[in-house]
Amino acid sequence: MNLRRAVALLALSLVLVVSGCARSVGVSLTTLTVTGSTTVLPIAEVAATEFEAANPGKRVLVSGIGSSAGIEAVTKGTCDIGTSSRDLKPEEKSLGLVDIKIALDAIAVIVNPSNPVSGLTKAQVSDIFQGKITNWKGVGGPDLPIGLVNRDEASGTREAFSKFVLGTADFDPTAAVLPGTGQVRSVVAQASGAIGYISLGFVDPSVKALAVDGIPANETTVGNGTYPLSRYLHFLTKGQPSGLAKAYIDFVLSPKIQESVVRDAGFLPVAEGGK
Amino acid sequence: MSDSRDPRTGEPIPEMCADPKSAENSPRPPARQALMTISKATYFKEAALKNLFLVCACVAVAGVALIFLFVGLEGWPIFAKVGVFNFLGGLKWYPTKQFFGILTLIVNSMLAMIGALAIGGPLAVGTAVFLSEVASPRMREIVRPAVELLAGIPSVVYGFFGLVMLRPIVAHVFGGLGFGLFTVWLILAVMIVPTIATLTEDALRSVPDGIREASYAMGATKWQTIWRVLLPAAKIGIIDAIILGMGRAIGETMAVVMVAGNARVIPDGIFKPFLTLTTVIVLDMPYAAGDHRTALFGVAIVLFIISMLFVAAIRVISRFGKEMS
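Residues numbered from 1 in each chain as written. Chains lettered and ligands numbered in written order. Predicted model: local features only at pLDDT ≥ 70, side-chain atom pairs only at ≥ 80, totals over all residues. Heavy atoms only, no water.

### Thoughts on the overall build of chain A
No. 1: Each helix and strand counted, chain A has nine helices and twelve strands in total.
No. 2: Expressed as a percentage of its 275 residues, the buried residues of chain A come to 46%.
No. 3: Total accessible area on chain A is roughly 12,900 Å²; 57% of this is exposed by carbon and sulfur atoms. (Helix = DSSP H or I, 4+ residues; strand = E, 2+ residues; numbered from the N terminus. Buried < 20%, exposed > 50% of the residue type's maximum accessible area, 1.4 Å probe, protein only. Areas by Shrake-Rupley, 256 points an atom, 1.4 Å probe, with all protein chains shown as cover.)

Okay, structure coming up:
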């Protein structure tokens, strides 16, 4: 215990020295580095641009290196804010990080509006995307072959969907692989037997979002945590945020950013700050 | 000084290399002077132009050499790592799970090319015969620019057209999603028409008129003349044109990636999605790292070799043709 206190003291004094140095150079106080999840990148980046416009002289540097790397970076202090698209693991909870939820990412399973099927269980979705069920009559629908539409491996949505639904199983390799949310949506909108998945924020009337485990996909069910295919996006700081970091976080949580930038990126706003 | 002016317009030619001063001051070698009817300035100009064109040619050769070297250096470790046989003969392409077999992709590329050729080849040769033998000069004025315009459309536009217009039609008529070999064949067939048609037309036009006249004099109809006389006479040129068309079909990327559906398997039907040698590079490049990235360069080497084989085939066939005639 004593040792830990000593280390903390040492770290604190180091921070003071470093910030003292930085003050004389005039960098640290006006530059904020934000790094981590590539899923969070579109929000953090656009918000950074608008934040800089609203606060002349301040710089926010945003980069995407993956959630785990972001958590490591903020723990080590190589960035001011770490971003993550997953919850902290149990062993990461003791690192003294403050977790701020900035948006909700929910994935909708979409089908053609002409498809009479309106809901599936998570297990059925899993079987369909593994290629075990290949006809809609297997899940109580019409006798129509299922047209599987998958995303490319670079997609964060694919990664999240795989984690939510398939677990360790693999996607059916014969599925069509499309390199964009827009393409998935337009293909599913046109083909009667198609099924795909996109971020809930990109669902429009041209496609139908299925209920999963009986829970419809909408903002209410995602907001209250009952919809199974959803996750929070996080900002993480070492200790309570202050100064520029706090200003930036408050900016991202402001209704202006939540309703425009967060929605435009295909995510849903967090209710009442999400803390 | 008059030498540095264009003889037709009298305008001074902006010429960097011909230095009039050196032409006036330096004494000409007597023997050369006797032989040369051109002035020293013209001589330098000619030499400069010759070298300029040499440099142009060298840039092209250096470009090919550098690309081959770069792709080769980046890609060869994958052959060493997984073995040539496993790389070229493996059916599983799951680079993130350390499966680097590209046979599936090679087969798919060949399937796409063969189908496109089966549809586009006859279409293109028919177009060429029409342009060269059948069409009135006025009709030719309309059709030829249209065919040439096909060659000028960017391939991504073909792809977009295929994705938005053709694919839904295929999906509607044949069921499924509309991605797959059939849709790719239709798009590629149209894309290779200008390549094959223009070269075939050239080949048909280079058949001397005397041969046509002799055929008609023997009492042959137009159809008999085309089928029995002209096409066989232009055979070598047409084969060259078709091989160039094959090269275009197998190298096409953007149009294919949008309508192929990109599943990493050999499709079990012509309406099932598939991935080719070219499209795997486009799709995997954004996130490929380490061995995966090296393997993509390995795919590039294979593509490079395939197109070299096509060029070699054209040269061999042309030489063979010259020996025959």
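### Observations regarding the overall build of chain B
No. 1: Along the backbone of chain B there are 14 helices and two strands.
No. 2: Across the 325 residues in chain B, those meeting the buried criterion constitute 42%.
No. 3: The contacts of chain B with a sequence gap of at least 6 include a subset with a gap of at least 24, amounting to 68%. (Contact = heavy atoms within 4.5 Å.)

### A closer look at unusual backbone geometry
No. 1: Located in the positive-phi region is Asp-213 of chain A, a residue other than glycine, with phi close to 55°.
No. 2: With respect to the helices and strands, Asp-213 of chain A occurs in the loop between β10 (211–212) and α7 (219–223).
No. 3: With a relative accessible area of 42%, Asp-213 of chain A lands in the partly exposed category.
No. 4: The residue Asn-262 of chain B is not glycine, and still its phi comes out positive at about 60°.
No. 5: Along the chain, Asn-262 of chain B turns up in the loop between α12 (254–259) and α13 (277–284).

### Details of the domain arrangement of chain A
Residues and elements named next belong to chain A.
No. 1: With domains assigned, chain A is organised as domain 1 (3–14 + 106–223) and domain 2 (31–104 + 232–272).
No. 2: The distance between the C-alpha centroids of domain 1 and domain 2 comes to 25 Å.
No. 3: Contacts between the two partners involve eight residues from domain 1 and, on the opposite side, seven residues from domain 2.
No. 4: Of the roughly 660 Å² buried where domain 1 meets domain 2, counting both sides, 58% is carbon and sulfur surface.
No. 5: Here domain 1 and domain 2 share one salt bridge between them.
No. 6: Residue Glu-219 is joined to Arg-263 by a salt bridge in which the shortest nitrogen-to-oxygen separation is 2.9 Å.
No. 7: The tally of links from domain 1 across to domain 2 stands at two residue pairs in polar contact (both at pLDDT 80 or more).
No. 8: Here the side of domain 1 that touches domain 2 gets three residues from one element, more than from any other, and that element is α7. (Domains from an automatic or database assignment. Buried area = accessible area lost by both parts, 1.4 Å probe. Salt bridge = Lys/Arg side-chain N within 4 Å of Asp/Glu carboxyl O. Polar contact = N/O pair within 3.5 Å; in protein donor to acceptor, adjacent residues only side chain to side chain.)

### Quick look at the interface of chain A and chain B
No. 1: Facing the 19 residues of chain A at the interface are 18 residues of chain B.
No. 2: Contact with chain B buries area across many residues of chain A, yet Glu-153, Pro-173 and Val-177 of chain A alone supply 32% of it, more than any other trio.
No. 3: Between chain A and chain B we count two salt bridges in total.
No. 4: With a shortest N-O distance of 2.8 Å, Asp-170 of chain A and Lys-97 of chain B are connected by a salt bridge.
No. 5: Connecting chain A to chain B are six residue pairs in polar contact (both at pLDDT 80 or more).

### Remarks on the domain arrangement of chain B
It is common to give the size of an interface as the accessible area that goes away when the parts come together.
All names here are of chain B.
No. 1: Considered domain by domain, chain B is made up of domain 1 (36–82) and domain 2 (84–324).
No. 2: Summarising the inter-unit geometry, the C-alpha centres of domain 1 and domain 2 are found 29 Å apart.
No. 3: Counting residues at the interface gives 14 residues for domain 1 and 16 residues for domain 2.
No. 4: At the boundary of domain 1 with domain 2, total buried surface from both sides reaches about 1,300 Å², with 81% on carbon and sulfur atoms.

### Notes on the nonpolar core
A general tendency of soluble globular proteins is for nonpolar side chains to be buried together.
No. 1: In this structure, Phe-129, Phe-161 and Ile-195 of chain A together with Phe-87 and Trp-93 of chain B are the most contacted members of the largest nonpolar core, which totals 118 residues.
No. 2: Phe-129 of chain A has contacts with Leu-148, Val-149, Phe-161, Leu-166, Asp-170, Phe-171, Asp-172, Ile-195, Gly-196 and Tyr-197 of chain A, leaving out every residue within four places of it along the chain.
No. 3: If you look at the next biggest cluster of nonpolar residues, it comprises 30 residues, including Val-34, Phe-51, Leu-244 and Ala-245 of chain A. (Core = buried A, V, L, I, M, F, W, Y, C linked by side-chain atoms within 4.5 Å.)

### What to know about the packing of aromatic side chains
No. 1: Scanning the entire structure with this criterion turns up 18 aromatic pairs over all chains.
No. 2: With 4.6 Å between their ring centres and 20° between their planes, Phe-174 of chain B and Phe-271 of chain B make a pair best called stacked. With a gap of 97 residues between them, Phe-174 of chain B in helix α7 (residues 155–174) and Phe-271 of chain B in the loop between α12 and α13 connect regions that are remote in the sequence.
No. 3: When the centroid spacing of 5.5 Å and the interplanar angle of 10° are considered together, the rings of Trp-223 of chain B and Trp-227 of chain B count as stacked. With a gap of four residues between them, Trp-223 of chain B and Trp-227 of chain B both fall in helix α10 (residues 222–233), about one helical turn apart.
No. 4: The class for Trp-223 of chain B is exposed, based on a relative accessible area of 57%.
No. 5: An aromatic cluster is present here, built from Phe-51, Phe-235, Tyr-248 and Phe-251 of chain A joined pairwise through their rings.
No. 6: The positively charged end of Lys-97 of chain B is found above the aromatic ring belonging to Tyr-94 of chain B, 6.0 Å away from the centroid.
No. 7: The aromatic ring of Phe-179 of chain B is capped on one face by Arg-167 of chain B, whose charged end is 5.2 Å from the ring centroid. (Phe/Tyr/Trp six-rings, centres within 6.5 Å; stacked < 30°, edge-to-face > 60°. Lys NZ or Arg CZ within 6 Å of the ring centre and 35° of its normal.)

### As for the packing of α7 of chain B against helix α8 (residues 181–205) of chain B
Residues and elements named next belong to chain B.
No. 1: Interhelical geometry of α7 versus α8 gives an angle of 140° and a closest axis separation of 9 Å. Taken together, the axes of α7 and α8 are oblique relative to one another. Like other packed secondary-structure pairs, α7 and α8 cross with a definite hand, here right-handed. Facing Ser-155, Tyr-158, Phe-161, Gly-162, Leu-166, Arg-167, Val-170 and Phe-174 of α7, the residues of α8 in contact are Phe-182, Thr-183, Leu-186, Ile-187, Val-190 and Met-191.
No. 2: For the contact of α7 with α8, a count of residues per class yields ten nonpolar, three polar and one charged. (Axes fitted to C-alpha atoms, helices over the stretch in contact; angles between N-to-C directions. Parallel < 35°, antiparallel > 145°, perpendicular 65-115°, else oblique. Left-handed = near helix turned anticlockwise from the far one by under 90°. Nonpolar A, V, L, I, M, F, W, Y, C, P; charged D, E, K, R; others polar.)

### Side note on the side chain of Asp-172 of chain A
Residue and element names in this part refer to chain A.
No. 1: Here Asp-172 lies in the loop between α5 (156–166) and β7 (176–178).
No. 2: Of note is the side chain of Asp-172, whose polar atom sits 3.0 Å from the side chain of Thr-174.
No. 3: Setting aside its immediate chain neighbours within four residues, Asp-172 contacts Phe-129, Gln-130, Gly-131 and Leu-148.

### A short note on the pairing of strand β11 (residues 230–238) of chain A
All names here are of chain A.
No. 1: Within β11, seven of the nine residues are buried, which leaves the element mostly enclosed by the surrounding structure.
No. 2: As paired strands, strand β3 (residues 81–84) and β11 are joined by three bridges and run antiparallel to one another. The residue bridging Gly-82 from the neighbouring strand is Leu-236, located in β11.
No. 3: With nine bridges joining them, strand β4 (residues 97–111) and β11 adopt antiparallel strand pairing. Counterpart to Lys-101 in the pairing with β11 is His-234. (Pairing = 2+ DSSP bridges.)

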